Amino acid sequence: MREAMRLMQTGDLLAATAAIQQRLRAAAEREAVSPARVTDPIEGTFRVVDEAWPRIHDATSASSHGGTPDARGRTQFSEHAYTGSAGSRRYKLFIPSTYHGQQMPLIVMLHECTQTPDDFATGTRMNLLAEKHGCFVAYPAQSKKANMSKCWNWFKASDQSRDRGEPAIIAGLVRELLLTYGLDAQRVYVAGLSAGGAMAVILGRTYPDLFAAVGVHSGLPYGAAHDLPSAFATMHRPDRGAQGERPETAQTWRSSVPTIVFHGDRDVTVHPGNGRRVATQIAAVNADERSNGSPTTESRTGESPGGYSYTCTLFKDDNERTVVEHWLVHGAAHAWLGGDPRWSFVDPGGPDASSEMTRFFLARTRA
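The structure reproduced in this document is the subject of the present report. The written sequence of each chain sets the order in which its residues are numbered from 1. Given that the model is predicted, a residue must reach a pLDDT of at least 70 before its local features are reported, and side-chain atom pairs must reach 80 or more before they are shown or counted; all residues, however, enter totals for whole chains, interfaces and linings. Each side-chain value is worked out from all heavy atoms of the structure, with water and hydrogens disregarded.

Right, let's talk about the state of the cysteines for a bit. Cysteine sulfur atoms are paired as a disulfide whenever they come within 2.5 Å of each other. If you walk through the whole model with that rule in mind, you get 1 disulfide. Between the sulfur atoms of Cys 113 and its disulfide partner Cys 151 the distance amounts to 1.9 Å. Judged by the sign of its S-S torsion, about 125°, the cystine formed by Cys 113 and Cys 151 is right-handed. Here Cys 113 is found in the loop between β3 (106-110) and α3 (117-124), whereas its partner Cys 151 is found in the loop between β4 (136-141) and α5 (165-181), with 38 residues between them in sequence. Like Cys 151, Cys 113 is buried. Strands here are runs of E lasting at least two residues and helices are runs of H or I lasting at least four, both read from the DSSP assignment and numbered beginning at the N terminus. Categorising residues by exposure relies on relative accessible area from a 1.4 Å probe, with only protein chains included: less than 20% of the type maximum marks a residue as buried, more than 50% marks it as exposed, and the intermediate range marks it as partly exposed.

To continue, consider the sheet that holds strand β10 (residues 322-330). Should DSSP find at least two bridges between two strands, the strands are regarded as paired. Read across the sheet, 10 strands follow the order β1-β2-β4-β3-β5-β6-β7-β10-β9-β8 without closing on themselves; strand pairing throughout is mixed. Every interior strand has two partners, whereas the edge strands, β1 (76-84) and β8 (296-303), have only one. Adjacent strand axes in the sheet meet at a mean angle of 20° when their direction is disregarded. Of the strand pairs in this sheet, strand β6 (residues 213-217) and strand β7 (residues 259-264) are connected by 4 bridges, and their pairing is parallel. Paired with Gly 215 across the bridge in β7 is Ile 260. Inter-axis angles, ranging from 0 to 180 degrees, are taken between N-to-C directions of lines fitted to C-alpha atoms, where helices are fitted over the stretch in contact.

What follows covers empty space enclosed by the protein. Both site types are read off a 1 Å grid over the protein atoms alone. A 1.4 Å probe that fits but cannot get out defines a cavity, while an open set with protein on both sides within 12 Å along at least five of seven lines defines a pocket; lining residues have an atom within 4 Å of a point. Grid points are joined across faces, edges and corners, and a volume is the space filled by probe spheres set on the points. Overall, the coordinates contain 2 cavities of 30 Å³ or more when judged by the stated rule. Roughly 120 Å³ of internal volume is contained in the largest cavity. When residues of the lining of the largest cavity are traced back to their parent elements, those giving at least two are α6 (195-206) and α9 (273-288). Residues belonging to the lining of the largest cavity are distributed by class as follows: 6 nonpolar, 5 polar and 1 charged. In this structure, the second largest cavity occupies an estimated 30 Å³ of space. The leading source of residues in the lining of the second largest cavity is α3, at 4 residues. Residues that form the lining of the second largest cavity fall into these classes: 5 nonpolar, 4 polar and 1 charged. Only Asp, Glu, Lys and Arg are considered charged, only Ala, Val, Leu, Ile, Met, Phe, Trp, Tyr, Cys and Pro nonpolar, and every remaining residue, Gly among them, polar.

By themselves these figures say nothing about function.
Spelled out as structure tokens, the structure:
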């Protein structure tokens with residue numbers, strides 16, 4: 001910490017903070033779970049804490065905390081581990097200060113490649129919204145062992161089906177959190193960015209009995225790839241990716257989970273046509289359940305406070321209920337919109353994707 005102290009003496013607080021964060025990250029990498037690795041519960045940024053701050057242990061051992069809140073009514077943002085029959089993942093969990101054992105919604109947030117749960121939590125500002133609305137938020141962390149770039153493996157056939165691979169791991173984590181904390185099983189939601197968005201689509205498609213709604217930011221449709229070559233092909237040219245769906249899943253689950261989609265039309269990492277395909281694919285599943293063909297659509301335009309204009313298209317069922325919201329943001333690139341620009345893959349220009357997704361989620365319960 002000598003370098004941090006020197007920088008603080010010179011008045012360079014930003015550089016001192018960066019030095020402390022780097023030291024904490026290095027220490028965390030040397031230990032599987034470091035008791036000093038505590039983050040700011042709302043923003044998700046690293047901070048120095050006193051020994052009196054309550055320590056939360058692995059959620060796999062319910063007796064270690066019993067799902068109880070901080071006795072002083074503080075928010076908690078802590079690191080845990082989940083292990084199930086399909087595999088293991090570490091995750092961060094946000095608990096709002098208003099939790100006292102009552103049922104609350106759960107939002108699962110899946111990060112982009114190279115990101116960490118802390119990075120994603122801070123960039124999206126989802127913890128701020130969760131504290132405001134009284135929600136738990138889980139941030140599963142992809143491991144380098146599973147993917148060197150820490151991407152969720154949405155493009156692998158082994159990770160696109162129910163009860164196997166990464167979908168089964170995340171679903172198992174959700175079930176454990178519901179049981180451990182007594183959360184509301186009818187209000188469980190999942191959202192993700194890019195590779196995380198593609199995995200969120202898979203979860204909505206393979207576990208419609210678990211998730212009440214899905215949020216997809218700069219993601220890709222279900223079954224768009226089955227290996228790395230087809231993944232890169234569909235990322236840049238949606239019409240050149242794998243076509244169709246895995247038959248066993250398509251036949252078993254003929255129901256659509258309401259979905260909200262965000263995509264920038266200047267995205268050169270994941271072609272914006274993929275966002276449109278996500279929307280139409282999910283709407284088509286809903287249409288298959290109806291007797292009168294394709295769902296109706298309704299579009300509106302607007303401009304966010306940050307300057308981006310957008311077109312929002314609603315896909316509705318025969319009862320005029322919105323099944324899909326598709327937000328095409330004009331001029332935006334590959335980034336989470338409306339978040340904190342100090343962190344990766346974030347564009348503060350808006351519209352605020354986190355707020356819109358939270359609104360969309362909390363208006364829906366699982367049928």
